[in-house]
Amino acid sequence: MDHFPTNWGRPRNDAFDAYGTHPIHQRPVNTPKDAFDAGVQRTQQPIVTGTSVLGLKFKDGIMMAADNLASYGSLARFKDIQRLQGVGTNTVVGAGGDMSDFQYIQRMLDELVVNEFTSQDGHTLSPAEIHEYLAQVMYARRSKMNPLWNSLLVGGFKDGERFLAYVDLLGTTYSASTLATGYGSMLAQPLLRKAVEGREDTLTEEEARQIIEECMRVLFYRDARSLDKYQVATVTAEGVTISDTQFLKTSWSFAEGIRGYGAQTQ
Amino acid sequence: MTSIGTGYDLSASTYSPDGRIFQVEYAGKAVENSGTAIGLKVKDGIVFAVEKLVHSKLLVPHANRRIQTIDRHIGLTTSGLLADGRHISNRARDEASNYRETYNSPPPLKAVADRLGLYVQAYTLYSSVRPFGISTILGAVDNTGPALYVIEPSGVFFGYNGAAVGKGRQLAKTELEKLKLSELTTREAVYEAARIIYLVHDDAKEKEFELEMSWIGTESNNLHVHVPEDLFKDAEAKAKAALETFE
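Note that residues are indexed from 1 along each chain, following the sequence as it is written. Chain letters start at A and ligand numbers start at 1, both assigned in the order the entries are written. This being a predicted model, a pLDDT of at least 70 is required before a residue's local features are given, and a value of 80 or more before pairs of side-chain atoms are given or counted; all residues contribute to the totals for chains, interfaces and linings. Only heavy atoms go into the side-chain values, all of them from the structure, while hydrogens and water stay out.

A separate point is the interface of chain B and chain A. The contact criterion used is simple: two residues touch if any of their non-hydrogen atoms lie within 4.5 Å. With 14 residues of chain B in contact, the opposing surface of chain A contributes 8 residues. Surface buried jointly by chain B and chain A totals about 950 Å² across both partners, of which 47% is contributed by carbon and sulfur atoms. A pairing counts as a salt bridge when a side-chain nitrogen of Lys or Arg comes within 4 Å of a carboxyl oxygen of Asp or Glu. Run the count over chain B and chain A and you get 2 salt bridges. Across the pair arginine 100 of chain B and aspartate 110 of chain A runs a salt bridge, and its minimum N-O distance is 3.5 Å. Pairing of N or O atoms within 3.5 Å defines a polar contact, subject to two protein rules: one partner must be a possible hydrogen donor and the other a possible acceptor, and residues neighboring in sequence count only if both atoms are side-chain atoms. Seen at the junction of chain B and chain A, the total is 5 residue pairs in polar contact (both at pLDDT 80 or more). Counting from the N terminus, the helices are DSSP H or I runs at least four residues long and the strands are E runs at least two residues long. Here the element with the most residues in the side of chain B that touches chain A is helix H2 (residues 82–103) of chain B; it accounts for 4 residues. Gly falls in the polar group here, along with every residue not listed as nonpolar (Ala, Val, Leu, Ile, Met, Phe, Trp, Tyr, Cys, Pro) or charged (Asp, Glu, Lys, Arg). Along the lines of polarity and charge, the residues of the side of chain B that touches chain A split into 3 nonpolar, 5 polar and 6 charged. Summed over both partners, the accessible surface that disappears when two parts come together, traced with a 1.4 Å probe, is what is meant by buried area.

Put into structure tokens, the structure is as follows:
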């Protein structure tokens, strides 16, 4: 309740004491509280980034792949980063986009898993629940104009059900039997769809691995911010396994025959 | 046994002439009248066992947990006012979670025990709040190995190899002292803990009780979980059998 008659009937802005109603020490404070507060900024640009993440459903579960690169603009800065993270015993999250935001997401997910564990009620979070949680967070952040600059794939296997879905910095979500982020959504998605769609329930793990390798190869050839070292995460009834780094065999000998770029004109 | 406070026992902010705070001592009484809880620190982990006094046949068996999980690798059990026990568990979870956030590392038990001890002590300073009527046993397997602490209502806490709080603590402590704790495995300790709880349970006072046990160790991947069903049943059966032969 406003006890000051001079304020009655007048429009109110609590952030600014227009009529000096309160002595200086009681007026609302609008200055930065500390050096950090003065530096708080919102909408950003991603700095250290990861490129595409691929995901597909196969007979026994889901498979996800991401290369081991974190780029600093056009510089291939960190070449041994794991962009796939297991969450609990039945989910894996793969991230493209800003890597520091992904590290923050990893911390959040870890906190979520520990909190679920401490309740000891026999329940574990399902992949769908983790995806929904991330979607809520991502959308809330974008609505505050302070996004976590990532595109995430969430995949898992629980109670006989396979789950694969996407969520990004805008809070957009979608689900399909094949998904890809970044350049993968342009270059790899057609390949994935051709190979997987309609055959999700008969595709074996080995076949899925072949498809992934082929897509990663295409991406390495065409995506200028990719790397030929990648990891594959597989989630089945047995749990989450993230493979060791695999190397792509590529052939660049065609480069000899290129004419019209550089010194050789004919 | 009862010492009359005669006016010095009305609030926690009053000392008695002989330097005691009666409210804190009375809180200890609440602990002494409650079901026993024990903790064992052994070679490769920690084992908790609790005598859950069942006050009604209508209660769902294996519900109403006395042993709480604080973090992946930390367990907590209390004896005394159970509602205070739940409050302390929540606080411990917050402290552990806060440690993780600040240091990006699972909290060592010493840090959590320290924070909880400080918290419990804070409630012994003011007349506007009452001290916690619980003794808390904290156990974990952290980067320094297995650790076990007990926090009393006064806020004081110590590290132990074996701990017992509650009604049957005297007998339990005697039994624990007989064991060579540093040489036992967690599996062996489970059997010993079950046996001790069955031993200290006073059939004359309370007929029905439920045993609850949890462990942290190599067999549980250093996670704090309830003892697996088959081991639990076996330990319980052996404990009952040992009781027959004890008399």
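Another point: the sheet that holds strand E2 (residues 45–53) of chain B. All names here are of chain B. Taken together, the 5 strands give an open sheet; going across it, the order is E8-E1-E2-E9-E10, and neighbouring strands pair in antiparallel fashion. Of all the strands in the sheet, just strand E8 (162–165) and strand E10 (225–226) have a single pairing partner and so form its edges. As paired elements, strand E1 (residues 37–42) and E2 share 6 bridges and run antiparallel to each other. Bridging across to E2, lysine 41 finds its partner in isoleucine 46. Only the contacting stretch of a helix is used when fitting its axis, a line to C-alpha atoms as for every element, and angles between N-to-C directions run 0 to 180 degrees. Each of E1 and E8 touches helix H4 (residues 169–178); the most contacted strand, E8, lies at about 165° to it. One requirement defines pairing of two strands: DSSP has to find at least two bridges between them.

So, on to the sheet that holds strand E4 (residues 74–80) of chain B. Residues and elements named next belong to chain B. One open sheet accounts for 5 strands, arranged E3-E4-E5-E6-E7; its pairing is antiparallel. Single-partner strands in this sheet number two, and they are strand E3 (67–71) and strand E7 (157–159). On average, adjacent strands in this sheet sit at an angle of 20° to one another, irrespective of strand direction. Where E4 and strand E5 (residues 134–142) come together, 7 bridges link them in antiparallel fashion. Bridge pairing in E5 places leucine 76 opposite leucine 138. Across the sheet, H2 lies against E3, E4 and E5, angled at about 15° from E3, the strand it touches most. Contacts from helix H3 (residues 109–122) reach E4, E5, strand E6 (145–151) and E7 within the one sheet, and its direction differs from that of E6 by about 5°.

With that settled, consider the environment of serine 34 of chain B. Residues and elements named next belong to chain B. Tracing the backbone through its elements, the reader meets serine 34 in the loop between helix H1 (22–32) and E1. As for serine 34 and alanine 193, which are separated by 159 residues in sequence, their C-alpha atoms are 18 Å apart. Leave out the neighbours within four places in its chain, and serine 34 touches Arg66, Ser79, Gly80, Gly166 and Lys167.

This paragraph deals with the pairing of E5 of chain B. Residues and elements named next belong to chain B. With 9 of 9 residues buried, E5 is to be regarded as a mostly interior element. Under the scheme applied here, a residue whose accessible area is under 20% of the maximum for its type counts as buried, over 50% as exposed, and between as partly exposed, the area being computed with a 1.4 Å probe on protein chains only. Side chains Ile134, Thr136, Leu138, Ala140 and Asp142 of E5 all project onto a buried face; the interleaved residues Ser135, Ile137, Gly139 and Val141 project onto the opposite face, where all are buried too. Pairing analysis gives 7 bridges linking E5 to E6, with the strands arranged antiparallel. Its bridge partner being in E6, aspartate 142 is matched across the sheet by glycine 145. Hairpin remark: E5 followed by E6, antiparallel, with 2 residues in the connecting loop.

Turning our attention to the UniProt feature "domain: Proteasome alpha-type subunits" (unreviewed entry) in chain B. UniProt positions are given in the numbering used here, feature names are shortened, and annotations may be inferred rather than shown by experiment. Mapped onto the present numbering, the UniProt feature "domain: Proteasome alpha-type subunits" (unreviewed entry) falls on residues 8–30 of chain B. Across residues 8–30 of chain B, the secondary structure splits into 39% helix and 0% strand, with the terminal C-alpha atoms separated by 19 Å.

All names here are of chain A. Between the first and last residue of a helix there are one fewer steps than residues, each counted as 1.5 Å, and that sum is the expected span. Here helix H2 (residues 99–118) contains 20 residues, and its C-alpha end-to-end distance of 29 Å stays within 8% of the 28 Å for a straight helix at 1.5 Å per residue. Those residues of H2 lying buried are Met99, Asp101, Phe102, Ile105, Gln106, Met108, Leu109, Leu112, Val113, Val114, Phe117 and Thr118. Once H2 ends, the next one or two residues include glutamine 120, with phi positive near 45°.

Quick look at the packing of H2 of chain A against H2 of chain B now. Close contact between H2 of chain A and H2 of chain B brings their axes to 11 Å; oriented N to C, the two are set at 160°. Considering the angle they form, H2 of chain A stands roughly antiparallel to H2 of chain B. H2 of chain B is crossed by H2 of chain A, and the crossing has right-handed handedness. Across the interface between the two elements, Arg107, Asp110, Glu111, Val114 and Thr118 of chain A from H2 of chain A touch Arg93, Ser97, Arg100 and Glu101 of chain B from H2 of chain B. Split into classes, the residues belonging to the contact of H2 of chain A with H2 of chain B amount to 1 nonpolar, 2 polar and 6 charged. An angle below 35 degrees is treated as roughly parallel, one above 145 as roughly antiparallel, one from 65 to 115 as roughly perpendicular, and anything else as oblique. Left-handed describes a crossing whose near helix is turned anticlockwise from the far helix by less than a right angle; the clockwise case is right-handed.

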